[in-house]
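Structural features, examined
Next come the chains, spelled out residue by residue.
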Amino acid sequence: MRAQRHQIHPLLAPVPGTERFIHSFHYGPAQPQGKVYIQASLHADELPGMLVAWHLKQRLAELQTAGRLRSEIVIVPVANPTGLEQVLMDVPVGRFELSSGQNFNRQFLDLSGPIGDAIEGLLTDDATHNLHLIRRHLRDALAAQVPATQLQSQRLTLQKLACDADMVLDLHCDFEAVAHLYTTPEAWPQVEPLARRIGAQASLLATDSGGLSFDECFTLLWWALSQRFGHAAAIPQGSFSVTVELRGQEDVSHSLAEQDCQALIDYLIDFGAIEGQPAPLPALMYPATPLAGVEPVTTAVGGLLVFSAKPGDYLKAGALVAEVIDPISDRVTPIHCTCSGVLYARVTRRMATAGMVIAHVAGEQAYRSGYLLSA
Ligand SMILES: [Zn+2]
């Protein structure tokens, strides 16, 4: 049994003397079957996942000693050291990089075009052969990238660490929310037990939400290659990934993190990455719905935001979500949802601005198209 490995990956420093690093922790036997990659807090102000990652590290070390790990399991507890240090006048700013304004969880690399060109003619009807071929080209293509900024360097480091994993879990949270997740319709059969185990009250499915988020840069590659070559060659779904939203930003507690850690361990047992008897599967709390069916509930006017609905509430179309109060004119503007569904997340702010999205409701019918994510 190989000891746990701690790898340190230097990031490009924007100015001399300010080096930062990504730390990855690798568990598993000397001859692992498959690979699982789990990272936390890519949005650096979303910390519940970081605590779950810490609990996971303790549990995986025990499981390693007990010889129960079958796959390599990689944990990156601090996926965004750049953002973690951004505090502006006492307010953490972990979603966007201050110098560029870019969302830390967008613009990962889509290399499906050049990789497709490189493997054309080398594919066969053997899915395992193609899996290894594509992974080799993906690793080589990522290794050939030269990042120009620290942000690009951070994205590239994470993408390289996860690119050849069978399963990628990206642990996030929302502002105030119940547990929910994002994945693709193609991956849903494999992800459904995870949704049950973490108690997801919304599971939002999209093949391409348009932002090249971390989870999508992996699944999109296999999807694009399958679209291009699937008629003539066996292209497997070489990786599936999930953005797991562990409730809201304030939900950092040992009791929740231990529960989530156990849910992930149980799911890894289901998946075969850890040896053990699968625990009984809890019921699915809410069926999967299309990401294109999510209603961003918006207020047209600004004012004091007083919610009537809370995360986890099932709302009928037309239900009252909140009131927006103008304390000067005394105008009270009720905000209703137009879709029926679970309100799975709402903002933390209580002073709404005109045009602001105040909550998200998981509607069942797809009605939006194009770019499907928030900023
Ligand atoms: Zn996030």
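Residues numbered from 1 in each chain as written. Predicted model: local features only at pLDDT ≥ 70, side-chain atom pairs only at ≥ 80, totals over all residues. Heavy atoms only, no water.

Per an unreviewed UniProt entry, the protein chain is named Succinylglutamate desuccinylase/aspartoacylase family protein, and its organism is Pseudomonas weihenstephanensis. On record in UniProt, under Cofactor (unreviewed entry), the comment for the protein chain is "Zn(2+)". (UniProt positions renumbered as here; feature names shortened; annotations may be inferred.)

Remarks on the packing of aromatic side chains
Considering all chains together, one arrives at five aromatic pairs under this definition. Plain terms: the ring middles of F214 and F218 are 4.9 Å apart, the flat faces sit at 85° to each other, and that makes the pair edge-to-face. Remark: F218 and F214 occur in helix 7 (residues 214-229); sequence separation between them is four residues, near one turn of the helix. Judged by its relative accessible area of 0%, F214 falls in the buried class. F218 gets classed as buried once you look at its relative accessible area, which sits at 3%. What links up through ring pairs into an aromatic cluster is the set Y37, F108, F214 and F218. Above the ring of F25, the side-chain terminus of K57 is found at 3.7 Å from the ring centroid. (Phe/Tyr/Trp six-rings, centres within 6.5 Å; stacked < 30°, edge-to-face > 60°. Helix = DSSP H or I, 4+ residues; strand = E, 2+ residues; numbered from the N terminus. Buried < 20%, exposed > 50% of the residue type's maximum accessible area, 1.4 Å probe, protein only. Lys NZ or Arg CZ within 6 Å of the ring centre and 35° of its normal.)

As for the coordination of the zinc ion
Taken together, H43 (ND1), E46 (OE), E46 (OE) and H172 (ND1) make up the protein donors of the zinc ion, found 2.1 to 2.6 Å from the metal. Here the zinc ion is ringed by four donor atoms whose angles at the metal span 55 to 144°, and the overall shape comes out irregular. When the donor residues of the zinc ion are listed from N- to C-terminus, their spacing reads H-x2-E-x125-H. Pair noted here: H43 is in the loop between strand 3 (35-40) and helix 1 (48-65) and H172 is in strand 7 (residues 167-174), with a separation of 129 residues, a long-range link. (Donors = N, O, S within 2.8 Å, 3.2 Å for Na, K, Ca; no water. Tetrahedral: all angles 85-135°; square planar, octahedral: opposite > 155°, others 65-115°.)

Remarks on the packing of helix 3 (residues 112-119) against helix 7
Between helix 3 and helix 7, the least distance of the axes is 10 Å, while the angle of their chain directions is 45°. By the angle between their axes, helix 3 is oblique relative to helix 7. Pair helix 3 / helix 7 crosses with right-handed handedness. Seen from helix 3, the contacting residues are S112, G113, I115, G116, D117 and I119; seen from helix 7, they are L221, A224, L225, R228 and F229. Taken together, the residues of the contact of helix 3 with helix 7 sort by class into six nonpolar, three polar and two charged. (Axes fitted to C-alpha atoms, helices over the stretch in contact; angles between N-to-C directions. Parallel < 35°, antiparallel > 145°, perpendicular 65-115°, else oblique. Left-handed = near helix turned anticlockwise from the far one by under 90°. Contact = heavy atoms within 4.5 Å. Nonpolar A, V, L, I, M, F, W, Y, C, P; charged D, E, K, R; others polar.)

As for the sheet that holds strand 4 (residues 72-76)
If you walk across this open sheet you meet the nine strands as 1-2-4-3-7-11-9-10-12, and the pairing is mixed. In the strand order of this sheet, the two ends are held by strand 1 (5-10) and strand 12 (288-290), each with one partner. Each strand axis lies, on average, 25° off the axis of its neighbour in the sheet, ignoring direction. Across five bridges, strand 3 lies against strand 4 in parallel orientation. Directly across from K35, in strand 4, lies its bridge partner E72. Its contacts with the sheet place helix 7 against strand 3, strand 7, strand 9 (180-183) and strand 11 (240-248), and it is angled at close to 160° to strand 11. (Pairing = 2+ DSSP bridges.)

Re a nonpolar patch on the surface
A surface patch of nonpolar side chains, about 210 Å² in accessible area, is lined by L47, L84 and V252. When you line up the elements, L47 lands in the loop between strand 3 and helix 1. The class of L47 is partly exposed, set by a relative accessible area of 33%. (Patch = residues over 30% accessible without salt bridge, like charges linked within 9 Å, V, L, I, M, F, W, Y side chains within 5 Å. Areas by Shrake-Rupley, 256 points an atom, 1.4 Å probe, with all protein chains shown as cover. Salt bridge = Lys/Arg side-chain N within 4 Å of Asp/Glu carboxyl O.)

Notes on the sheet that holds strand 19 (residues 351-352)
Read across the sheet, four strands follow the order 17-16-14-19 without closing on themselves; strand pairing throughout is antiparallel. Every interior strand has two partners, whereas the edge strands, strand 17 (332-336) and strand 19, have only one. Relative to strand 19, strand 14 (residues 303-307) runs antiparallel, the two being bridged by two bridges. The residue of strand 19 that forms the bridge with G303 is A352.

Notes on unusual backbone geometry
Even without being glycine, M89 reaches a positive phi, approximately 50°. Counting through the fold element by element, M89 comes out in the loop between strand 5 (87-88) and strand 6 (91-92). The phi dihedral of Q107 falls on the positive side, at around 65°, and the residue is not glycine. Position of Q107 relative to the elements: it lies in the loop between strand 6 and helix 3. A relative accessible area of 46% means that Q107 is categorised as partly exposed.

Looking at the nonpolar core
Generally speaking, soluble globular proteins have nonpolar side chains that are buried together. Counting 41 residues, the largest nonpolar core has L60, L171, L194 and I274 as its most contacted members. Those elements that provide at least two residues to this core are strand 2 (21-27), strand 3, helix 1, strand 4, strand 7, helix 6 (188-198), strand 11 and helix 8 (254-271). In this view, L171 contacts I38, Q39, A40, S41, G49, V52, V244, L246 and L264; residues no more than four positions away in its chain are not counted. One finds V74, L156, A162 and F229 within the second-largest nonpolar core, a separate group that totals 34 residues. (Core = buried A, V, L, I, M, F, W, Y, C linked by side-chain atoms within 4.5 Å.)

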